[in-house]
Amino acid sequence: MATVPPTRRIELAGVNALRTLLEDLDHVVHTVDGGADMGEDLIVDFTRGRKRTGRMIAVQVKTAGGRSSKYRRASGYAIPVGSHAGDWSTRPIPVIGVVYDMEAGRLFWVNLTKVLRAAPKPPRYVKVPFDAELSKETVEQFVAEIDAYARVMGTPDEERTPADSDGPTVKPSRARRVRLTTSWKNPSFTDQAHHPVWTQGSFIIWDHYRLTLIDGRTGKRQMGGIRTLLPHVPTAGDQALFLPAVPDRLKALNLPTLRLRWEVRLRVDPATMAFVEGVLYAPGQDGGLFALDPRSGAQRGPTLLPGQPILTQARIAACSLIVLAGPPAGQGSGTQQSKGCALALDPSDGEQRWVYEPRGLLLPHWAASDQMLYLLEEVESVQYLVAVHPTSGEESRRWKLAHGAAFPPVASSSAGHVLDRSGILQTYGSLPRRRRWSYRTRQRTPLAPVVARDLVLVVSAPHVLTALDAATGTERWCFEERGDFTTAPIVVEDIVYVAHRGGRLIALDLGTGVRLGSTPCHLWEEGERGQPTVAQGKLVFSGRYGVVHSVDLGLSDDGKIHRDHV
């Protein structure tokens, strides 16, 4: 009599678990005969409303029998590739890898075809991260993501129709179509106008040394043509504008009347002023940081860091007010005492909690999560990313940046991310032994990466937006468009907004990259003119030819998403 191998029960457990999940949702599952197994266990025919959609996938299923399983790794699971690389990457339908954790009773997945096609050479195994779980709650998102990939895989760019480049028609259950419409336009500015800043029902626009207030709802001018010597939009908060006055004064103007609220004798640096949790932090031009009451202008407590120039705006991180200071005034850059420092202050009384003194020159760029503070230092013309504990100020680890940072670092909950000048996105873990990952972009003019939830969004090629898992670097999704992207993505709630050179603003689902909607949109420029503003459910920006545009994002005034359920 034939003997049943002891691994048969384990091997079938994953196949049966996946079959049960998909068939419960009326998808059609076909089993590949074991004698003809060429690296695929199942063929799945997707349905919608119990009708076939025409989308099919092949599935390779592996079962992890316990913690010692050969498929389990510290950061997830791994599916060996072996001799299947050619089959999985050239299949006319996507080949999906699924790992069933028998001990936990959970399924996890990865798009094998997508990973292998993107790899310069076939890897030994493909990673399956812990957060790529396949369950009743995520299966519709899984189907939508696979459908988005299947629509364009294997089709040359020149043969794709506009519908193909627009993304899938299948929408995930929690991300229906989003209607984008032009709300209003105001053409009364010059092509030097900065992007508007939102405050208390109005947008403030700095345009060639003039300040203008326009109504946030209608776009009509409330008050304009106010002459100023500021090189940018002033700081706003507590229904007031705060701006320096010649020669050595700081004044507050009430909004929207712009009548004087108070004026104090103080020489400040307007570029690094910040309104944080009800307090105006005004760096002095000769050094020091002043904490002022926005209602009266009275100084709260003593001057902090007298004689040391403030490098960046003060911000809250890990319940502390973080400040970066440069070398003390009058000291040369080559002296031992001229490196600057980073400080954490108690927001309530300004009491110093810790000081971090760098080994080299401290650069005016930093990012923070609740777990770690990331600073940039320069030592003998070499840049380093330094991880500092936000509660103690102690250095955790430092990493050498071979090509220097093209943009300030950004931080996710688990790591710090830097896009260097060579176009490589470098990621460093917050723990000393955390393995880092890197991702090479093909963008001619790099755009800043953006962290949203557990994703890092990066324009990886002129016409490709890629979402990477912040912890592992695994590609979650890619979105391709015919025109080159001209701006870094903007994330509101669970929607990503990005503009391309073809003159459209596109909305994508953050979790899947599925296209949700688009609208014609004039281009805006990144960099010195600031960033577009999202307020009252609108994206407002200064476009070409002196026109300020407002696009309704399908959001309510409180930022909640309004979707058309179709």
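Because the structure is a prediction, the values reported are computed rather than measured.

1. Examining the environment of leucine 292
Moving on, step 1. Position of leucine 292 among the secondary structure elements: in strand β21 (residues 289-292).
Moving on, step 2. For leucine 292, a relative accessible area of 2% corresponds to the buried category.
Moving on, step 3. Taking C-alpha positions, leucine 292 is 5.1 Å from leucine 280, a pair spaced twelve residues apart along the chain.
Moving on, step 4. Setting aside anything within four residues of it in sequence, one finds leucine 292 in contact with Leu250, Trp262, Leu266, Val279, Leu280, Ala282, Gly297, Ala298 and Gln299.

2. Things to note about the sheet that holds strand β23 (residues 320-325)
Moving on, step 1. Taking strand neighbours across the sheet as the criterion, the four strands line up as β22-β23-β24-β25 in an open arrangement whose pairing is antiparallel. Whereas interior strands pair on both sides, the edge strands pair on one side only; in this sheet they are β22 (315-317) and β25 (352-356). The average angle at which neighbouring strand axes cross in this sheet is 30 degrees, direction not considered.
Moving on, step 2. Both β22 and β23 contribute to a ladder of three bridges, which runs antiparallel.

3. Digging into the nonpolar core
Moving on, step 1. The biggest cluster of nonpolar side chains holds 24 residues, and the ones touching the most others in it are Leu18, Ile57, Val59, Leu107, Trp109, Leu134 and Phe142.
Moving on, step 2. Elements with a minimum of two residues in this core: α1 (8-24), β2 (42-48), β3 (51-64), β6 (95-101), β7 (106-111) and α4 (139-152).
Moving on, step 3. The leading source of residues in this core is α1, at six residues.
Moving on, step 4. Apart from the residues within four sequence positions on either side, valine 59 is in contact with Leu18, Glu40, Asp41, Leu42, Val44, Ile96 and Val98.

4. Focus: the pattern of salt bridges
Moving on, step 1. Counted according to the given criterion, the structure contains 17 salt bridges.
Moving on, step 2. Of the charged contacts in the structure, one is a salt bridge between arginine 19 and glutamate 23, with a shortest N-O distance of 3.0 Å. Residue arginine 19 and its partner glutamate 23 are located together in helix α1, separated by four residues, close to a single helical turn.
Moving on, step 3. When its relative accessible area of 37% is taken as the criterion, glutamate 23 is described as partly exposed.
Moving on, step 4. Linked by salt bridges that have partners in common, Arg359, Glu377, Glu395 and Arg398 make up one network.

5. A few points about the pairing of strand β44 (residues 548-552)
A regular strand places its side chains on the two faces of the sheet in alternate fashion.
Moving on, step 1. Of all five residues making up β44, four are buried, and the element is well covered by its neighbours.
Moving on, step 2. As paired strands, strand β10 (residues 181-186) and β44 are joined by five bridges and run antiparallel to one another. Residue pairing across strands places threonine 182 opposite valine 551, the latter belonging to β44.
Moving on, step 3. The pairing of strand β43 (residues 538-542) with β44 spans five bridges and is classified as antiparallel. Across the sheet, residue valine 540 finds its bridge partner in β44, namely serine 550.

6. Some thoughts on the packing of aromatic side chains
Moving on, step 1. Under the definition given, this model contains nine aromatic pairs.
Moving on, step 2. Note on tryptophan 109 and phenylalanine 142: the rings are 4.7 Å apart at their centroids and 80 degrees apart in plane angle, and the pair reads as edge-to-face. Of the two residues, tryptophan 109 is situated in strand β7 and phenylalanine 142 in helix α4; the sequence distance between them amounts to 33 residues.
Moving on, step 3. What links up through ring pairs into an aromatic cluster is the set Phe46, Trp109 and Phe142.
Moving on, step 4. Of note, arginine 221 hangs over the ring of phenylalanine 189, and the distance from its end group to the ring centre comes to 5.8 Å.
Moving on, step 5. Positioned above the aromatic ring of tryptophan 366, the side-chain terminus of arginine 315 is 3.8 Å from the ring centre.

7. Examining the sheet that holds strand β36 (residues 464-469)
Moving on, step 1. On the basis of which strands lie adjacent, the open sheet formed by four strands has the order β34-β35-β36-β37 and antiparallel pairing. Both outer strands of the open sheet, β34 (450-452) and β37 (475-480), are each paired with one neighbouring strand and no more. The mean inter-strand angle of the sheet, taken between neighbouring strand axes irrespective of direction, is 25 degrees.

8. With respect to the confidence of the model for the protein chain
Moving on, step 1. Residues with a pLDDT of 70 or more make up 85% of the protein chain, whose mean pLDDT is 81.
Moving on, step 2. Across residues 154-175, where pLDDT falls below 50, the model places 44 contacts with residues more than four positions away in sequence or in other chains.
Moving on, step 3. Below a pLDDT of 50 lies the segment residues 332-337, which in the model reaches four contacts outside its immediate sequence neighbourhood of four places, other chains included.

9. A look at the pairing of strand β12 (residues 202-206)
Moving on, step 1. In terms of burial, β12 is largely enclosed, as five of its five residues are buried.
Moving on, step 2. Taking every second residue as pointing to the same face, both faces of β12 are buried, with Ser202, Ile204 and Trp206 on one and Phe203 and Ile205 on the other.
Moving on, step 3. The sheet contact formed by strand β11 (residues 197-199) and β12 spans three bridges and is antiparallel. When the bridges of β12 are listed, threonine 199 appears paired with serine 202.
Moving on, step 4. Bridging between β12 and strand β13 (residues 210-215) involves five bridges; their strand directions are antiparallel. What sits directly across from isoleucine 204, in β13, is leucine 213.
Moving on, step 5. Once β12 ends, the chain turns through three residues before running back antiparallel as β13, passing histidine 208 with a positive phi of about 55 degrees.

Rules behind the numbers
Residues numbered from 1 in each chain as written. Predicted model: local features only at pLDDT ≥ 70, side-chain atom pairs only at ≥ 80, totals over all residues. Heavy atoms only, no water. Helix = DSSP H or I, 4+ residues; strand = E, 2+ residues; numbered from the N terminus. Buried < 20%, exposed > 50% of the residue type's maximum accessible area, 1.4 Å probe, protein only. Contact = heavy atoms within 4.5 Å. Pairing = 2+ DSSP bridges. Axes fitted to C-alpha atoms, helices over the stretch in contact; angles between N-to-C directions. Core = buried A, V, L, I, M, F, W, Y, C linked by side-chain atoms within 4.5 Å. Salt bridge = Lys/Arg side-chain N within 4 Å of Asp/Glu carboxyl O. Phe/Tyr/Trp six-rings, centres within 6.5 Å; stacked < 30°, edge-to-face > 60°. Lys NZ or Arg CZ within 6 Å of the ring centre and 35° of its normal. pLDDT = per-residue confidence, 0-100.

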